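Close look at the chain arrangement
The primary structure of each chain is shown beneath.
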Amino acid sequence: MTGNGEYGALLYGAPTLEKVIFNHHRFVLPNGTRDMQPTVISGRLECVRDKALAGDYAGAQSTFASGWSLRWTLAYHPGYELQLNTPGMTTVNDYVRITDFRAGEVTHTWTDQYGTWQRHAFASRADKVVVHELLPAPGRTVDTTLSVNTALDGTPTSVTFATTATVSGGDGYLNLRGTYPPGQGAYGYEAVTRVVVSGSGASVTVSGSTLVVSRATEVLPLTELGRYETSTGWNSKPLHSALASLGTDYATLLSRHSAVHSAMYDRSSLDLNVSAADRRLSTSELMTRQNNDRSVIDLALLERLYDSGRYFFISSSGVLPPRLTGTWKGAWADDFTTDANVNFRVAGGNTLDPSATAVTAAGGGQRPPVSSALSFRRGGVRRSAGIPSATARCCSRAAVRRPG
């Protein structure tokens, strides 16, 4: 998973069919409650008190609640799934998926008889775009078809979709538009992926509503997302324009993003005096070791869990605080339930000194940064917030290995 505090991308699948689910913090289904105002109930307070003091609790509750009906919050929904179909990729050995917590980058690699194939991706905080790079094994090329899938769990059935594929200036553009039910609030949302190909003889062509990439030594899909209040919001193609003006050097784009992301990540660390060798183990290896001996907590795994937690908190915090499941679709409508849920969701962030992840408050201002002076010692272990450390760097990669 990768996120920039507004966009989220979940990467999964197999080399024959790679999948990326895109999410956006503001992708919520309108339900007609935009202009709804709360009922004025202050005048009922004295009556309610009298009933409660007399033991008529049901009557007190009904007096407060009369005159309005329950209205649900806006349900969060996924954007869509980008699919990369490469049916010829049948030999897959040594598959590894790595999340570099400090750089904010996800990498997939595998091998076949030709060498190592690579995939890299990140959601850029600097450029507000999801960047994806596809690299073939030495001497080979990337030949794949990019398409859109909207049949996802949690996608509202009331949304209608239209997908178009075009080529302009040698680059492909895959455009999804989702239209919400009329008269409920916002009009719809959009996602555009610009596909840039490199290499002698490389091409990107249109086949129906898909893009076909052939003979590429590098493929760079760049994706932006947006939500529109009116039916004319996407007419000027703002996402197309933003993508067309974006540079296409992966290393440069990653450097711009990582400079922002790593500065946030380095503000806290957890050091449990774990050996360097243990910190180099993959998450799968740490979990296996812990499961083999559950009598004692594996400290290397505990460090990794802390790193994972701060990575996901940072990735899902920015324009809004994290939803119940970050920026990844899950249960409970993934909304901001204002009882204890939001408080519990962000409570752990106090250890991270998340001043740069301050969220816009209802009045248009920003919440003040959490103090960077949090620190304590317990049992000889130091945890500090706001202090970059070597620990944050050496335990910042999590790998999951899958047999070929």
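Remember, predicted model here, so these are calculated numbers, not experimental data.

Within the chain one finds 9 helices and 21 strands. Within the chain, the proportion of its 404 residues that are buried is 47%. Across the chain, the fraction of contacts at a sequence separation of at least 24, relative to all contacts at a separation of at least 6, is 65%. Total accessible area computed for the chain in this model is approximately 19,300 Å², and 55% of it derives from carbon and sulfur atoms.

Extensive coverage of strand β16 (residues 210–216) is indicated by the burial of 5 of its 7 residues. In terms of strand pairing, strand β11 (residues 142–149) meets β16 through 4 bridges, oriented antiparallel. Its bridge partner lying in β16, V142 is registered against A216. Relative to β16, strand β15 (residues 203–207) runs antiparallel, the two sharing 5 bridges. Looking across to β16, one finds that V206 is bridged to L211.

By definition, the strands of a sheet pair up through backbone hydrogen bonds, in either a parallel or an antiparallel sense. Spatially, the 7 strands line up as an open sheet ordered β1-β2-β3-β6-β11-β16-β15, and their pairing is antiparallel. Taken across any chain shown, the strands that pair with only one partner, and hence form the sheet edges, are β1 (2–3) and β15.

Moving on, we get to the confidence of the model for the chain. Taken over all residues, the pLDDT of the chain has a mean of 85, while the share at 70 or more is 84%. Low pLDDT, under 50, characterises residues 356–396; the predicted model gives this stretch 87 contacts beyond four residues in sequence or across chains. Under a pLDDT of 50 for its full length, residues 400–404 has, in the predicted model, 17 contacts with residues more than four places off or in other chains.

Restricting attention to buried positions, one finds in helix α2 (residues 57–65) the residues G59, A60 and T63. Projected onto a plane normal to the axis of α2, the buried residues spread over an arc of 100 degrees and lie on a single side. In this structure, α2 carries Y57, A58 and Q61 as exposed residues pointing more than 90 degrees from its buried face. Those residues of α2 hidden inside the fold are in contact with α1 (45–53). Where α2 ends, the next residue or the one after it, G67, has phi of about 95 degrees, a positive value.

We now examine the environment of T33. With respect to the helices and strands, the residue T33 is situated in the loop between β4 (28–29) and α1. Judged by its relative accessible area of 16%, T33 is buried. Put simply, T33 and W72 are 39 residues apart on the chain and 8.4 Å apart in space, counted from C-alpha to C-alpha. In terms of polar contacts, T33 uses its side chain to reach the side chain of N31, at 2.6 Å.

Below, the discussion takes up a nonpolar patch on the surface. The grouping of I297, L299, L302 and L305 at the surface amounts to a nonpolar patch, some 370 Å² of accessible area in total. Of note, L302 is situated in helix α7 (residues 299–315). Looking at L302, the relative accessible area reads 35%, which means it is partly exposed.

Across the interface, helix α4 (residues 250–265) lies against α7 with an axial gap of 10 Å and an inter-helix angle of 130 degrees. Between α4 and α7, the crossing angle belongs to the class labelled oblique. Of the two elements, α4 crosses α7, and the hand of that crossing is right-handed. The residues of α7 that touch α4, namely those facing H261, M264 and Y265, are D307, R310, Y311, I314 and S315. Looking at side-chain class alone, the contact of α4 with α7 contains 4 nonpolar, 2 polar and 2 charged residues.

Scanning the entire structure with this criterion turns up 10 aromatic pairs. Aromatic pair Y180 and Y189: ring centres 5.9 Å apart, planes at 40 degrees, arrangement tilted. A connected cluster of aromatic rings, assembled from ring pairs, spans F27, F161, Y180 and Y189. Directly above the aromatic system of Y114 lies the positively charged group of R140, at a separation of 3.9 Å from the ring centroid. For R310, the ring lying beneath its charged end belongs to Y265, and the centroid distance is 3.7 Å.

Our focus in this paragraph is the nonpolar core. Counting 38 residues, the largest nonpolar core has F22, L82, L146, V213 and V219 as its most contacted members. Top contributing element to this core by residue count: strand β14 (residues 188–198), with 4 residues. With near-sequence residues (within four places) excluded, V219 lies in contact with H132, E133, L134, V142, V195, V196, V197 and V213. Grouped together as the second largest cluster of nonpolar side chains are 16 residues, Y173, L220, Y228 and L239 included.

Conventions and cut-offs
- Residues numbered from 1 in each chain as written.
- Predicted model: local features only at pLDDT ≥ 70, side-chain atom pairs only at ≥ 80, totals over all residues.
- Heavy atoms only, no water.
- Helix = DSSP H or I, 4+ residues; strand = E, 2+ residues; numbered from the N terminus.
- Buried < 20%, exposed > 50% of the residue type's maximum accessible area, 1.4 Å probe, protein only.
- Contact = heavy atoms within 4.5 Å.
- Areas by Shrake-Rupley, 256 points an atom, 1.4 Å probe, with all protein chains shown as cover.
- Pairing = 2+ DSSP bridges.
- pLDDT = per-residue confidence, 0-100.
- Arc of directions from axis to C-beta.
- Polar contact = N/O pair within 3.5 Å; in protein donor to acceptor, adjacent residues only side chain to side chain.
- Patch = residues over 30% accessible without salt bridge, like charges linked within 9 Å, V, L, I, M, F, W, Y side chains within 5 Å.
- Salt bridge = Lys/Arg side-chain N within 4 Å of Asp/Glu carboxyl O.
- Axes fitted to C-alpha atoms, helices over the stretch in contact; angles between N-to-C directions.
- Parallel < 35°, antiparallel > 145°, perpendicular 65-115°, else oblique.
- Left-handed = near helix turned anticlockwise from the far one by under 90°.
- Nonpolar A, V, L, I, M, F, W, Y, C, P; charged D, E, K, R; others polar.
- Phe/Tyr/Trp six-rings, centres within 6.5 Å; stacked < 30°, edge-to-face > 60°.
- Lys NZ or Arg CZ within 6 Å of the ring centre and 35° of its normal.
- Core = buried A, V, L, I, M, F, W, Y, C linked by side-chain atoms within 4.5 Å.

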